[in-house]
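Spelled out, the chains give:
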Number of protein chains: 2
Amino acid sequence: MERKPAPRPAPVADTQPGPLDRHLRSYAGYNLKRASNIMQSNAARTLEPFGLRITTFSALSVIVDNPDVTQSQLAAGLNMERSNTVLIIDALEEANLIGRFRVPTDRRSYALRATLAGMKRRDAAAKALASAEEERLADLSMEERAQLVDLLRRIDPLD
Amino acid sequence: MERKPAPRPAPVADTQPGPLDRHLRSYAGYNLKRASNIMQSNAARTLEPFGLRITTFSALSVIVDNPDVTQSQLAAGLNMERSNTVLIIDALEEANLIGRFRVPTDRRSYALRATLAGMKRRDAAAKALASAEEERLADLSMEERAQLVDLLRRIDPLD
DNA sequence: CACTATTAGTTATGGAATATAGCTATATGC
DNA sequence: GCATATAGCTATATTCCATAACTAATAGTG
């Protein structure tokens, strides 16, 4: 693809100082995304030694805390499509962290239950994750962290 | 795949009340991700009528504010890989919102400049985006929004 | 100046998250 | 009983993000 030369010599700097994304920084969404990305990659790195990804850890965690939850309930709780839970549940089951059990009263659905290994894995990963977050958020006081979570939850209601 | 029946009848509810993701809600990262997702889909919906996606809007915005920025600088500023900027820049160029201009002093790089149409498109989209955020964050006071942004930026330093 | 290393942009590719449509088996409501 | 809805599953497409490798051009070093 041919491109024209600059019509005039490129100015050395006709832009104000400061970061390139100064305008974007005025959006809450942009800052949210960047902060979220940082915490996500931090979490992924932390969970990896446990053989878990963020999605599998999240599902495992919900199953540990809510024995006999169904896949549909899990999907709804985690804000994901039912179809996308299948492979995640498959992975957890193959790793013997959870089991699928037929529900006598509704043979369409499966009751999901963590195995003992699943509970242990969740607890160990949760501990590591909490301390990784702790480290990442060291610059924020406890009050600030609490306020951050409070503000975020008010953006994402549906308690 | 065959599955075993439940060894005992599924308990009606041996789980505490409340949302399924109660444990996950204790992580800042989880709340960040959920809030971020909401703002992202809100932004995507808002930008769509302008023929922009979040990535193209972000790049366009940086180029408008920083004439003659290079693709590498853009990538660094937006925390993305250089290789992934190419298609985004291609799209903006094909839509005649920006142009690639050879830099006389370094013939490897391109100076990116927004066209008049690009500037107008950015401004219109930015206005829509700001008001969409405004609407989304109506529950938060101005002070709370400012504090949210401040806390987020402290998670993502590098000013 | 020659040679090496580095950089800018590009291309190709793969992984992971996400969204939709359609399928089977089962359950529910009239 | 029959239409409709639901649970789980399969297949598929998209988008985002990351990596590797390539070229052309530049910078550094002897």
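All values derive from a computational prediction rather than experimental measurement.

*Asks:* Give a detailed account of the overall build of chain A, specifying residues and quantitative values.
*Replies:* Helices and strands together make up the secondary structure of chain A, namely 6 helices and 2 strands. The proportion of buried residues among the 159 residues of chain A is 47%. Considering only contacts within chain A whose residues lie at least 6 apart along the sequence, 50% involve residues at least 24 apart. Element-wise, carbon and sulfur atoms account for 54% of the exposed surface of chain A, whose accessible area totals about 8600 Å².

*Asks:* Go over the relation of the copies chain A and chain B, please, and point to the residues and values.
*Replies:* Both copies of the chain are placed relative to one another by a rotation about an axis and a shift along it. In the superposition of chain A on chain B (RMSD 0.1 Å, axial shift 0.0 Å), the rotation amounts to 180 degrees. Both copies of the chain, as the preceding transformation shows, are related through a two-fold rotation axis. Here 100% of the interface residues in chain A have copies in chain B that are interface residues too; the copies meet face to matching face.

*Asks:* How would you explain helix H4 (residues 82–94) of chain A if you had to name every residue and give the values?
*Replies:* An α-helical segment advances 3.6 residues per turn. Residues three or four places apart therefore align on the same side. Residue and element names in this part refer to chain A. If you check H4, its first and last C-alpha atoms are 19 Å apart, about what 13 residues at 1.5 Å a residue would give, namely 18 Å. When we look at burial in H4, the residues that qualify are Thr85, Ile88, Ile89, Asp90, Leu92 and Glu93. In the core, the buried residues of H4 are packed alongside helix H2 (54–65), helix H3 (71–77), strand S1 (98–103) and strand S2 (106–114). Phi turns positive one or two residues past the end of H4, at Asn96, with a value near 60 degrees.

*Asks:* Requested: an account of the protein's contact with DNA strand C, with residues and values cited.
*Replies:* Taken together, the neighbourhood of DNA strand C is formed by 20 residues, with Arg53(A), Ser83(A), Gln71(B), Ser72(B) and Arg108(B) sitting nearest. Expressed as a percentage, the sugar and phosphate content of the atoms of DNA strand C within 4 Å of the protein is 59%. Here Arg108(B) contributes a side-chain N or O atom positioned 2.7 Å from a base oxygen of DNA strand C. When grouped by side-chain class, the residues that make up the surface near DNA strand C number 2 nonpolar, 8 polar and 10 charged.

*Asks:* Lay out the protein's contact with DNA strand D in plain terms, naming residues and giving numbers.
*Replies:* Inspection of the region around DNA strand D gives 19 residues, with Lys33(A), Ser72(A), Arg100(A), Arg108(A) and Ser83(B) positioned closest. When atoms of DNA strand D within 4 Å of the protein are sorted by moiety, sugar and phosphate together comprise 60%. Between Lys33(A) and DNA strand D, the recorded distance is 2.7 Å, taken from a side-chain N or O atom to a phosphate oxygen. Within the residue set of the surface near DNA strand D, elements represented by two or more residues are H3, H4 and S2 of chain A together with helix H4 (82–94) and strand S2 (106–114) of chain B. Taken together, the residues of the surface near DNA strand D sort by class into 2 nonpolar, 7 polar and 10 charged.

*Asks:* Can you tell me about the interface of chain A and chain B, naming the residues and giving the values?
*Replies:* At the junction of the two partners, chain A supplies 70 residues and chain B supplies 71 residues. Of the roughly 7000 Å² buried at the junction of chain A and chain B (both faces included), carbon and sulfur atoms supply 59%. Between the two partners, chain A and chain B, sit 6 salt bridges. Our count for the chain A to chain B interface comes out at 19 residue pairs in polar contact (both at pLDDT 80 or more). Among the secondary structure elements, those contributing two or more residues to the side of chain A that touches chain B are helix H1 (28–47), H2, H3, S1, S2, helix H5 (116–136) and helix H6 (142–155) of chain A. Taken together, the residues of the side of chain A that touches chain B break down into 35 nonpolar, 14 polar and 21 charged.

*Asks:* Hey, could you go over the environment of Asp123(A) for me, with residue numbers and the actual values?
*Replies:* Inspection of the secondary structure puts Asp123(A) in helix H5. When the C-alpha atoms of Asp123(A) and Val64(A) are compared, they prove to be 9.4 Å apart, with 59 residues separating the residues in sequence.

*Asks:* Report on the packing of H1(A) against helix H6 (residues 142–155) of chain B, specifying residues and quantitative values.
*Replies:* Relative orientation of the contacting elements H1(A) and H6(B) amounts to 35 degrees, with a least axis distance of 9 Å. Along this stretch, H1(A) crosses H6(B), giving a crossing that reads as left-handed. Judged by residue contacts, Ala28(A), Asn31(A), Leu32(A), Ala35(A), Ile38(A) and Met39(A) of H1(A) engage Val149(B), Leu152(B), Arg153(B) and Ile155(B) from H6(B). Looking at side-chain class alone, the contact of H1(A) with H6(B) contains 8 nonpolar, 1 polar and 1 charged residues.

*Asks:* Let's hear about the packing of aromatic side chains: which residues, and what values?
*Replies:* Under the defined criterion, the tally for this structure stands at 2 aromatic pairs over all chains. Relative to Phe57(B), the ring of Tyr27(A) lies with its centre 6.2 Å away and its plane at 75 degrees, an arrangement referred to as edge-to-face. With Tyr27(A) in the segment before H1 and Phe57(B) in helix H2 (residues 54–65), this pair bridges two chains. Here Arg113(A) stacks its cationic end above the ring of Phe101(A), 4.9 Å away from the centre of that ring.

Calculation criteria
Residues numbered from 1 in each chain as written. Chains lettered and ligands numbered in written order. Predicted model: local features only at pLDDT ≥ 70, side-chain atom pairs only at ≥ 80, totals over all residues. Heavy atoms only, no water. Helix = DSSP H or I, 4+ residues; strand = E, 2+ residues; numbered from the N terminus. Buried < 20%, exposed > 50% of the residue type's maximum accessible area, 1.4 Å probe, protein only. Contact = heavy atoms within 4.5 Å. Areas by Shrake-Rupley, 256 points an atom, 1.4 Å probe, with all protein chains shown as cover. Least-squares fit on C-alpha atoms with pLDDT ≥ 70 in both. Expected span 1.5 Å × (residues − 1). Near = heavy atom within 4 Å. Polar contact = N/O pair within 3.5 Å; in protein donor to acceptor, adjacent residues only side chain to side chain. Nonpolar A, V, L, I, M, F, W, Y, C, P; charged D, E, K, R; others polar. Buried area = accessible area lost by both parts, 1.4 Å probe. Salt bridge = Lys/Arg side-chain N within 4 Å of Asp/Glu carboxyl O. Axes fitted to C-alpha atoms, helices over the stretch in contact; angles between N-to-C directions. Left-handed = near helix turned anticlockwise from the far one by under 90°. Phe/Tyr/Trp six-rings, centres within 6.5 Å; stacked < 30°, edge-to-face > 60°. Lys NZ or Arg CZ within 6 Å of the ring centre and 35° of its normal.

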